[in-house]
Amino acid sequence: MTIVIHHNPDCGTSRNVLAMIEASGETPVVIDYLRTGWTRPQLVALFAAADLTPRTALRTTKSPAEKLGLLDPSVDDETLLAAMLAHPILVNRPIVCSPKGVRLCRPSEIVLDLLDRLPPGPFSKEDGTPLIDAEGKRIG
C-alpha cells in the first residue's frame, strides 16, 4: 500500500510532513483536498480509521469555523460534516494514510510512527524543533 497524504500546500505543518515522508524514501500520493474537496464517505472513513470525530478533526483557527458558528459545542457531527463538505478548509491537516495506520499528523512528528524508515537526520519540525539527530535517531 502506498502512503497517501491529504495535504494543504499553504500549511507549514503539512509541508513538513510531506517532506518527512519523501525524505524517508517514500513517494506518497498527494491529495490537495482544497482543490479536490471531500466526499462524505471519504471523510467518514478517514475519521473512523484515524479515531477522529468531526469535532476533533475540525480546524478552528485560520478557517471559517467561528464565522459559521461551528465552535459551539452543541453543533452536531452531521452539521460539522456538512460544513466540511462545503468548506474543505475546515478539516484539520495533514491526514496521512499508510500501511501502519491513518493519523491526523498534527503535530508533524506523528508521521514518524507511520513510516517504515525515518528520514535521515538532522530533521526538524517546521518551527525548528529537532526531531531527528545527525545520526538519524529520533529525538524525544
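Up top you'll find the structure we're talking about.
Numbers given to residues run from 1 along each chain, matching the order in which its sequence is written. Confidence filtering applies because this is a predicted model: local features only for residues at pLDDT of at least 70, side-chain atom pairs given and counted only at 80 or more, and all residues used for totals across whole chains, interfaces and linings. Hydrogens and waters are ignored; side-chain quantities use all the structure's heavy atoms.

**A look at the packing of helix α3 (residues 40–49) against helix α5 (residues 77–86)**
Basically, it comes down to this: Helix axes are fitted to C-alpha atoms over the stretch in contact, other axes to C-alpha atoms as well, and angles between N-to-C directions run from 0 to 180 degrees. Per the convention used, a helix needs a DSSP run of H or I reaching at least four residues, while a strand needs a run of E reaching at least two, with both numbered from the N terminus. Each angle is binned into one of four classes, with values under 35 degrees roughly parallel, values over 145 roughly antiparallel, values of 65 to 115 roughly perpendicular, and all other values oblique. Crossing handedness follows the turn of the near helix against the far one: under a right angle anticlockwise gives a left-handed crossing, and clockwise gives a right-handed one. It only takes one pair of heavy atoms within 4.5 Å for two residues to be counted as in contact.
At a minimum axis separation of 10 Å, α3 and α5 run at an interaxial angle of 120 degrees. The angle between α3 and α5 falls in the class oblique. Regarding α3 and α5, the two cross each other, and that crossing is right-handed. Side by side, α3 and α5 meet where R40, L43, V44 and F47 of the first sit next to E78, L81, M84 and L85 of the second.

**Digging into the pairing of strand β4 (residues 101–104)**
As a general feature of sheets, a regular strand has side chains that alternate between the two faces. The following threshold applies: Residue exposure (1.4 Å probe, protein chains only): buried if accessible area is under 20% of the type maximum, exposed if over 50%, otherwise partly exposed. Between any two strands, at least two bridges found by DSSP are needed for them to pair.
Only one face of β4 is covered, namely the face carrying V102 and L104; the face carrying G101 and R103 is uncovered. Hairpin connection, strand β3 (residues 95–98) to β4: the antiparallel pair is bridged by two residues.

**Overview of the environment of R103**
With respect to the helices and strands, the residue R103 is situated in strand β4. Considering only alpha carbons, one finds R103 and A49, 54 residues apart in sequence, at a separation of 7.8 Å. Not counting residues within four places of it along the chain, the set of residues in contact with R103 comprises A50, P94, I95, V96, I110, D113 and L114.

**A closer look at the sheet that holds β3**
Strand order in the open sheet formed by four strands is β2-β1-β3-β4, and the pairing between neighbours is mixed. Every other strand in the sheet has two partners, leaving β2 (29–32) and β4 as the edge strands with one partner each. Direction aside, the axes of adjacent strands within the sheet are offset by 15 degrees on average. Two strands pair when backbone bridges link them, and strand β1 (residues 4–7) and β2 are joined in this way by four bridges, in the parallel orientation. Bridged to I5 within β2 is V30. Contacting β1, β2 and β3, helix α1 (residues 12–23) runs over the sheet at an angle of about 160 degrees to β1. Strands β1, β3 and β4 of the sheet are contacted by α3, whose axis makes an angle of about 75 degrees with β3.

**Some points on the state of the cysteines**
For the record, the criterion: Criterion for a disulfide: a pair of cysteine sulfur atoms at a distance within 2.5 Å.
Scanning the entire structure with this criterion turns up zero disulfides. Of the cysteine sulfurs around C11, a residue in no disulfide, the closest is that of C105, at 11 Å. The closest cysteine sulfur to the non-disulfide-bonded C97 is located on C105, 9.3 Å from its own sulfur.

**Considering the pattern of salt bridges**
Heads up, the condition is: By definition, a salt bridge exists where a carboxyl oxygen of Asp or Glu is found within 4 Å of a side-chain nitrogen of Lys or Arg.
Across all of its chains, the model carries six salt bridges by this definition. For D32, the salt bridge is made with R35, and the minimal N-O distance between the two is 3.4 Å. Accessibility expressed as a relative area gives 73% for R35, which makes it exposed. The partner of E78 in a salt bridge is R40, and the shortest N-O contact between them spans 2.6 Å. With E78 in helix α5 and R40 in helix α3, this residue pair connects regions lying 38 residues apart in the sequence. E78 sits in the partly exposed class, given a relative accessible area of 45%. Residue R40 is classed as partly exposed on the basis of its relative accessible area of 36%.

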